[in-house]
Amino acid sequence: IEWAKNSAADRINLALVLLRSNKYDESLAALDQARRLNPNLLAATYLRGIILKRLGRFAEAAECLNRVIAAEGAGDTDAAMATLRRMIEVAPDRKQARTRLAEMLIDAERPAEALDALSGIADPGDHEVGLMYNAGVQLWNGGAMDETVAAMDRAIAIAPDNPMLHRLRGRALISTGD
């Protein structure tokens, strides 16, 4: 495709188009081109890992995803978060990207942003509820009681039998005088 020859970002976009058409080999080729243009482009490495995982090439997928995690672990958290945000921007239904971004934001003590990342997950599970709880605790510790209640309300809608969620919600309500 002619329009995808200009930059690494264009080639990543092409890879996403090809991926949505289930053209995995062509998508991987576009990502390889993007990585040749910019070897440090985490978005291309991350997406390559996701595609390889879909293809059942788990060892190669793990290698790609570990490179993204290593960049994060090397203190390049901002770059890793930017990569995840870009992945979410072009593929809003990426549960794994949203969950990982939320984990990183909680580690960076940015609970409101973490909750925002989690809000786009169509089918949150126990792990995401745990992240909502952790973000709620950070909001609580920061004195943001109304936001804590709102976060716990969202989590309780998913896991109504979780007593930790109700307890934190109750504490926040008591703190506000409600």
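Values in this document were obtained by computation on a predicted structure and should not be read as measured data.

Student: Outline the overall build of the protein chain, supporting the account with residue identities and numerical values.
Tutor: Counting secondary structure elements, the protein chain contains ten helices and zero strands. Traced from its N-terminal end to its C-terminal end, the protein chain shows the element sequence α-α-α-α-α-α-α-α-α-α. Structurally, the protein chain occupies a C-alpha span of about 60 × 30 × 30 Å along its principal axes. Burial analysis of the protein chain (178 residues in total) assigns 42% to the buried set. Look at the contacts in the protein chain between residues 6 or more apart in sequence, and 50% of them connect residues 24 or more apart. Carbon and sulfur atoms make up 50% of the accessible area of the protein chain, which amounts to about 9300 Å² in all.

Student: Describe the pattern of salt bridges, and please don't skip the residues or the numbers.
Tutor: Applying the stated criterion to the full structure yields nine salt bridges. Salt-bridge contacts for Arg48 lead to Asp32; the nearest nitrogen and oxygen are separated by 3.1 Å. Taken together, the residues span a long stretch of sequence, with Arg48 in helix α3 (residues 42-54) and Asp32 in helix α2 (residues 24-37) at a distance of 16 residues. According to the relative accessible area criterion, Arg48 is buried, its value standing at 13%. Residue classification places Asp32 among the partly exposed residues on the basis of a relative accessible area of 26%. One salt bridge connects Glu60 with Arg57, and the closest N-O pair in it is separated by 2.8 Å.

Student: Break down the packing of helix α8 (residues 126-141) against helix α10 (residues 163-176) for me, with residues and values.
Tutor: Relative orientation and spacing of two packed helices are given, respectively, by the angle between their axes and the distance between those axes. Direction vectors running N to C along α8 and α10 enclose 20°, while the axes themselves pass 11 Å from each other. Comparing the axis directions of α8 and α10 gives the class roughly parallel. Considering the relative orientation of α8 and α10, their crossing is left-handed. Seen from α8, the contacting residues are Val129, Tyr133, Gly136, Val137 and Trp140; seen from α10, they are Met164, Leu165, Leu168, Arg171, Ala172 and Ser175. Its residues assigned to classes, the contact of α8 with α10 comprises eight nonpolar, two polar and one charged.

Student: Describe the nonpolar core, naming the residues involved and giving the relevant values.
Tutor: Ranked by size, the top nonpolar core spans 52 residues in total, and within it Ile12, Leu31, Tyr46, Leu47, Leu101 and Leu165 carry the most contacts. Among the elements that make up this core, the one with the highest residue count is α3 (eight residues). Setting aside anything within four residues of it in sequence, one finds Ile12 in contact with Leu31, Ala34, Leu41, Ala43, Ala44, Leu47 and Arg86.

What counts as what
- Residues numbered from 1 in each chain as written.
- Predicted model: local features only at pLDDT ≥ 70, side-chain atom pairs only at ≥ 80, totals over all residues.
- Heavy atoms only, no water.
- Helix = DSSP H or I, 4+ residues; strand = E, 2+ residues; numbered from the N terminus.
- Buried < 20%, exposed > 50% of the residue type's maximum accessible area, 1.4 Å probe, protein only.
- Contact = heavy atoms within 4.5 Å.
- Areas by Shrake-Rupley, 256 points an atom, 1.4 Å probe, with all protein chains shown as cover.
- Salt bridge = Lys/Arg side-chain N within 4 Å of Asp/Glu carboxyl O.
- Axes fitted to C-alpha atoms, helices over the stretch in contact; angles between N-to-C directions.
- Parallel < 35°, antiparallel > 145°, perpendicular 65-115°, else oblique.
- Left-handed = near helix turned anticlockwise from the far one by under 90°.
- Nonpolar A, V, L, I, M, F, W, Y, C, P; charged D, E, K, R; others polar.
- Core = buried A, V, L, I, M, F, W, Y, C linked by side-chain atoms within 4.5 Å.

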